[in-house]
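Chain and residue survey
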Amino acid sequence: METLDWKSLPFGYIKTDYNVRCYYRNNQWGEIEISSSEYINLHMAATGLHYGQEAFEGMKAFMGKDGRIRLFRWDENSMRMQKSAEGIMMAKVPDELFHQCIVKAVQMNKRFVPPYGSGASLYIRPLLIGSGAQVGVKAASEYLFLVFITPVGPYFKEGFKPVKMMITRTFDRAAPLGTGHIKVGGNYAASLRALDVAHHKGYASALFLDAREKKFIDEAGPANFFGIKDNTYVTPESNSILPSITNKSLQQIALDVGMKVEIRPVPVEELDTFEEVGACGTAAVITPVESIVDEDTGKIYQISKTGEPGEISRRLYEKLTGIQTGDLPDPYGWIEFVS
Ligand SMILES: Cc1ncc(COP(=O)(O)O)c(C=O)c1O
């Protein structure tokens, strides 16, 4: 095993031994290739560079107490990448190829899988780009699918602690009939300025509102939003948010611990009524939210009165992370072992 300082690992990129690549040419996917280079040789007119034909995924593998490596819901990421490909006219990566490549990437880099109990995990980044040259605005005929992995520390060094967020009214992340529902690079480029402003003002993230009316909550930066009240888990329904696999998993767990789940538009004013609020995603699972300031009016929605995470958020967090690391049983079939 690699002797990294697992406990102080950043949530960032660390060079590993290998990555896995596969090219789509002449209307078909080729053989899987293993590379030890961190660089790709790309045509300067590749559509991925000019027209944003690029999609990615983010998922994690975990080492259990039993020394076995666990992949979490990879099939959901594969399906989502196919939706992304469809959305911006790219060749789809079949489930089987997606699976082979992520498993190979983990197996070839086993020494980088953080040990059980370190708080760190193995981040898996599948990437699909238009690699074919094109000068007119149209889809490429060649694609590169690449998977690299990198060990990551916890997203927030302070641990499971509530953060402050800011509602942004100056920037939209995605248009109502745009690409917000798929995981393409353009959405992230569009969110950078809002996140930068929020960070500069001392907030952990920016809360985006629906672009049409600015009345409803869309997303919490690169994470979904949820609120909890009256034993109900409430999360926005919107065409412009990314369907989060963490959110979907938390909803299932919420139902199974006897809560109700509501997926519906969430008006900004409703923030006043939530007992708990959180952002959810692969990186941090749940980020509890202490307060949210509205950039426009200066109004502060104070969610946590104690500065501590809410009990329900903690419970959902512990259940989900317990399943991921194997500390709790997996009644849903969300885990696949990598040998
Ligand atoms: C915009 C956005 N929303 C939500 C999420 C959370 O999705 P998931 O739980 O599948 O990681 C992510 C991260 O992947 C994201 O980038």
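Residues numbered from 1 in each chain as written. Predicted model: local features only at pLDDT ≥ 70, side-chain atom pairs only at ≥ 80, totals over all residues.

1. Some details on the pairing of strand S10 (residues 205-209)
Burial within S10 is extensive, with 5 of its 5 residues counted as buried. Because side chains alternate across S10, one face comprises the buried residues Ser 205, Leu 207 and Leu 209, and the other comprises Ala 206 and Phe 208, equally buried. In the sheet, strand S9 (residues 163-168) pairs with S10 via 4 bridges, with the strands oriented parallel. Each residue of the ladder has a partner; that of Met 165, found in S10, is Ser 205. Bridge count for S10 against strand S11 (residues 217-220) is 2 bridges, and the pairing is antiparallel. Among the inter-strand pairings, Leu 209 is bridged to a residue of S11, identified as Ile 217. (Buried ≥ 20, exposed ≤ 12 C-beta atoms within 10 Å, placed from the backbone. Helix = DSSP H or I, 4+ residues; strand = E, 2+ residues; numbered from the N terminus. Pairing = 2+ DSSP bridges.)

2. What to know about the site of the ligand
For the ligand, the full set of nearby residues is Gly 58, Glu 219, Pro 222, Ala 223, Asn 224, Leu 242, Ser 244, Ile 245, Thr 246, Asn 247, Gly 281 and Thr 282. For the shell around the ligand, the element with the highest residue contribution is helix H5 (residues 245-256), accounting for 3 residues. When its residues are assigned to classes, the shell around the ligand shows 4 nonpolar, 7 polar and 1 charged. (Near = placed C-beta within 6 Å. Nonpolar A, V, L, I, M, F, W, Y, C, P; charged D, E, K, R; others polar.)

3. Re unusual backbone geometry
Phi at Arg 73 takes a positive value of approximately 45°, unusual for a residue other than glycine. Note that Arg 73 resides in the loop between strand S6 (69-72) and helix H2 (74-87). The exposure class of Arg 73 is buried, given the 22 C-beta atoms found within 10 Å. The phi torsion at Val 285 lies on the positive side, around 65°, for a residue other than glycine. Structurally, Val 285 can be placed in strand S16 (residues 285-294). For Val 285, a count of 23 C-beta atoms within 10 Å puts it in the buried group.

4. Comments concerning the environment of Ala 220
Structurally, the position occupied by Ala 220 is in strand S11. Classification of Ala 220 as buried rests on a count of 26 C-beta atoms within 10 Å. A sequence separation of 16 residues divides Ala 220 from Pro 236, and the C-alpha atoms of the two residues are 11 Å apart. In this view, Ala 220 contacts Met 165, Ser 205, Leu 207, Phe 225 and Ala 279; residues no more than four positions away in its chain are not counted. (Contact = placed C-beta atoms within 7 Å.)

5. Quick word on the nonpolar core
The biggest cluster of nonpolar side chains holds 86 residues, and the ones touching the most others in it are Ile 102, Ala 105, Ile 124, Leu 128, Tyr 143 and Leu 207. Per element, the largest residue contribution to this core is 8 residues, and it comes from strand S8 (residues 143-152). In this structure, Leu 207 is in contact with Met 165, Met 166, Ile 167, Thr 168, Ile 217, Ala 220, Phe 225 and Ile 292, ignoring residues within four places of it in sequence. (Core = buried A, V, L, I, M, F, W, Y, C linked by C-beta atoms within 7 Å.)

6. Examining helix H3 (residues 95-108)
Here H3 is 14 residues long and its end C-alpha atoms lie 20 Å apart, about the 20 Å a rise of 1.5 Å per residue gives. For H3, every residue scored as buried is listed here: Phe 98, Cys 101, Ile 102, Val 103, Ala 105 and Val 106. (Expected span 1.5 Å × (residues − 1).)

7. Observations regarding H2
One turn of the α-helix equals 3.6 residues, which is why residues spaced by three or four share an orientation. Taking 1.5 Å of rise per residue, the 14 residues of H2 would be expected to cover 20 Å, and the 20 Å separating its terminal C-alpha atoms lies within 8% of that figure. Along H2, the positions that sit buried rather than exposed are Trp 74, Asn 77, Ser 78, Arg 80, Met 81, Ser 84 and Ala 85. Each buried residue of H2 sits inside an arc of 165° when the element is viewed along its axis, so together they form one side. The positive-phi residue at the C-terminal boundary of H2 is Met 89, with phi of around 60°. (Arc of directions from axis to C-beta.)

8. Quick notes on the domain arrangement of the protein
Taken domain by domain, the protein consists of domain 1 (6-152) and domain 2 (163-325). The C-alpha centroid of domain 2 is placed 26 Å from the C-alpha centroid of domain 1. Of all the secondary structure elements, the ones that give two or more residues to the side of domain 1 that touches domain 2 are strand S4 (54-56), strand S5 (59-63), S6 and H2. Residue contributions to the side of domain 1 that touches domain 2 peak at 6 residues, all from H2. Residues of the side of domain 1 that touches domain 2, tallied by class, amount to 8 nonpolar, 6 polar and 8 charged. (Domains from an automatic or database assignment.)

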